[in-house]
Amino acid sequence: MIETPVLIAGGGPVGLTLALALSRQGVRSILADPGEIMPVDLPDGLAHFTLADVRTEPRVSLRPGWRLFGFERFADGVTAHLMQVRGEGQQQVRAGYLVGCDGAGSLVRNFLDIDLEDEIAVAFGRGRVILAGDAAHPTPPASLDGLALGVADAHCLAGHLAEGMDGANPSTLLESYQIDRRAVARQIRAGADPDLFIRSRDH
Ligand SMILES: Cc1cc2nc3c(=O)[nH]c(=O)nc-3n(C[C@H](O)[C@H](O)[C@H](O)COP(=O)(O)OP(=O)(O)OC[C@H]3O[C@@H](n4cnc5c(N)ncnc54)[C@H](O)[C@@H]3O)c2cc1C
């Protein structure tokens, strides 16, 4: 079994931003995505780095072609199950935290049995399994806020996780993250000042 402090399910803009932001704060992660993992540049003002940097980042291990298909939660970590999309390989990963950045139809959110209310998850995770980006607040059709909101989630969560690696209580970590980010998501979706999610980026 492979071990990692953080396993990220999903290599879209939010998962990639999270992996980079964690790495820059000294935290290793594995990032799995069923697809190719194609980092595209974020619009100016959303990131301090280029997502393509993820390919050479020493603390990020990319697993393109691998999808998360299940996990078990424990008090001290998560055992996640990955499978190869082409091929029959399977891999178990023991992670301190699992972050679901797996988009609007999030398997992680569904496995946690977390409902959506007005397109925002009623909880942003359970224990050591956490949601970010569209997994936490699917972007409605014709809305232009999904990317900025999700990237700001990733920056915020990276800060909390980096602090949490020193033994912080996971429920306190999740609580402070979701208080911050759920409030911003609700305000933005209610039509608040769009700069709010950019200003909240560095929380
Ligand atoms: C047509 C369209 C236009 C849009 N236009 C805009 C816009 O102009 N501005 C804006 O801000 N937002 C826009 N959005 C929304 C924006 O694309 C999303 O908010 C953003 O992509 C969310 O990023 P994410 O990383 O959370 O999820 P996604 O980009 O959806 O990435 C999720 C990743 O998770 C992976 N994944 C799925 N299941 C698993 C699994 N089981 N295991 C591992 N990985 C998994 C997927 O392969 C994918 O790579 C648009 C969306 C659409 C559909």
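What you see is a predicted model, and the numbers here were worked out from it, not measured in a lab. (Residues numbered from 1 in each chain as written. Predicted model: local features only at pLDDT ≥ 70, side-chain atom pairs only at ≥ 80, totals over all residues.)

### Looking at the overall build of the chain
Link 1 in the chain: Helix and strand counts for the chain stand at 5 helices and 10 strands.
Link 2 in the chain: Taking 203 residues into account, the globule formula puts the C-alpha radius of gyration at 17 Å, and the chain, at 15 Å, falls close to it.
Link 3 in the chain: Seen along its three principal axes, the alpha-carbon backbone of the chain occupies a region of about 45 × 35 × 35 Å.
Link 4 in the chain: Within the chain, counting contacts between residues at least 6 apart in sequence, those at least 24 apart form 62% of the total. (Helix = DSSP H or I, 4+ residues; strand = E, 2+ residues; numbered from the N terminus. Rg over C-alpha atoms; globule rule 2.2 N^0.38 Å. Contact = placed C-beta atoms within 7 Å.)

### Considering the nonpolar core
Link 1 in the chain: The biggest cluster of nonpolar side chains holds 59 residues, and the ones touching the most others in it are Leu18, Leu98, Val99, Ile130, Ala132 and Leu157.
Link 2 in the chain: It is helix 3 (residues 146-164) that provides the largest number of residues to this core, a total of 9 residues.
Link 3 in the chain: Here Leu18 is in contact with Ile8, Val99, Cys101, Ala132, Ala154, Leu157 and Ala158, once residues within four sequence places are set aside. (Core = buried A, V, L, I, M, F, W, Y, C linked by C-beta atoms within 7 Å. Buried ≥ 20, exposed ≤ 12 C-beta atoms within 10 Å, placed from the backbone.)

### A look at helix 4 (residues 170-189)
Link 1 in the chain: Taking 1.5 Å of rise per residue, 20 residues should cover 28 Å, and helix 4 covers 27 Å from first to last C-alpha, within 8% of that figure.
Link 2 in the chain: Those residues of helix 4 that sit buried are Pro170, Leu173, Leu174, Tyr177, Gln178, Arg181, Val184, Ala185 and Ile188.
Link 3 in the chain: After helix 4 finishes, the residue Gly191 shows a positive phi value of roughly 95°. (Expected span 1.5 Å × (residues − 1).)

### Brief notes about the packing of helix 3 against helix 4
Link 1 in the chain: Their axes nearest at 10 Å, the elements helix 3 and helix 4 cross at an angle of 165°. By the angle between their directions, the pair helix 3 and helix 4 is classed as roughly antiparallel. Helix 3 and helix 4 meet at a crossing whose hand is right-handed. Across the interface between the two elements, Leu149, Asp153, Cys156, Leu157, His160 and Gly164 from helix 3 touch Pro170, Leu173, Ser176, Tyr177, Asp180, Arg181, Ala185 and Ile188 from helix 4. (Axes fitted to C-alpha atoms, helices over the stretch in contact; angles between N-to-C directions. Parallel < 35°, antiparallel > 145°, perpendicular 65-115°, else oblique. Left-handed = near helix turned anticlockwise from the far one by under 90°.)

### Regarding the pairing of strand 4 (residues 66-74)
Link 1 in the chain: Relative to strand 5 (residues 77-84), strand 4 runs antiparallel, the two sharing 8 bridges. Bridge pairing in strand 5 links Phe74 to Gly77.
Link 2 in the chain: Connecting the antiparallel pair strand 4 and strand 5 is a turn made up of 2 residues. (Pairing = 2+ DSSP bridges.)

### Structural notes on helix 1 (residues 13-24)
Link 1 in the chain: With 12 residues, helix 1 should reach 16 Å at 1.5 Å per residue; the first-to-last C-alpha distance of 16 Å fits that figure.
Link 2 in the chain: Across the 12 residues that make up helix 1, a large majority, 10, are buried.
Link 3 in the chain: Within the span of helix 1, buried status applies to Pro13, Val14, Gly15, Leu16, Thr17, Leu18, Ala19, Leu20, Ala21 and Leu22.
Link 4 in the chain: Contact partners of the buried residues in helix 1: strand 1 (2-9), strand 2 (29-33), strand 3 (60-64), strand 6 (90-100) and helix 3.
Link 5 in the chain: Phi turns positive, to about 85°, at Gly26, one or two residues after helix 1.

### Regarding the site of the ligand
Link 1 in the chain: In the vicinity of the ligand lie 27 residues, with Gly10, Gly12, Gly103, Gly133 and Gly146 positioned nearest.
Link 2 in the chain: Taken together, the elements giving at least two residues each to the shell around the ligand come down to helix 1, strand 2, strand 4 and helix 3.
Link 3 in the chain: The dominant element in the shell around the ligand, judged by the number of residues it contributes, is helix 3, at 4 residues.
Link 4 in the chain: Residue classes in the shell around the ligand are distributed as 12 nonpolar, 10 polar and 5 charged. (Near = placed C-beta within 6 Å. Nonpolar A, V, L, I, M, F, W, Y, C, P; charged D, E, K, R; others polar.)

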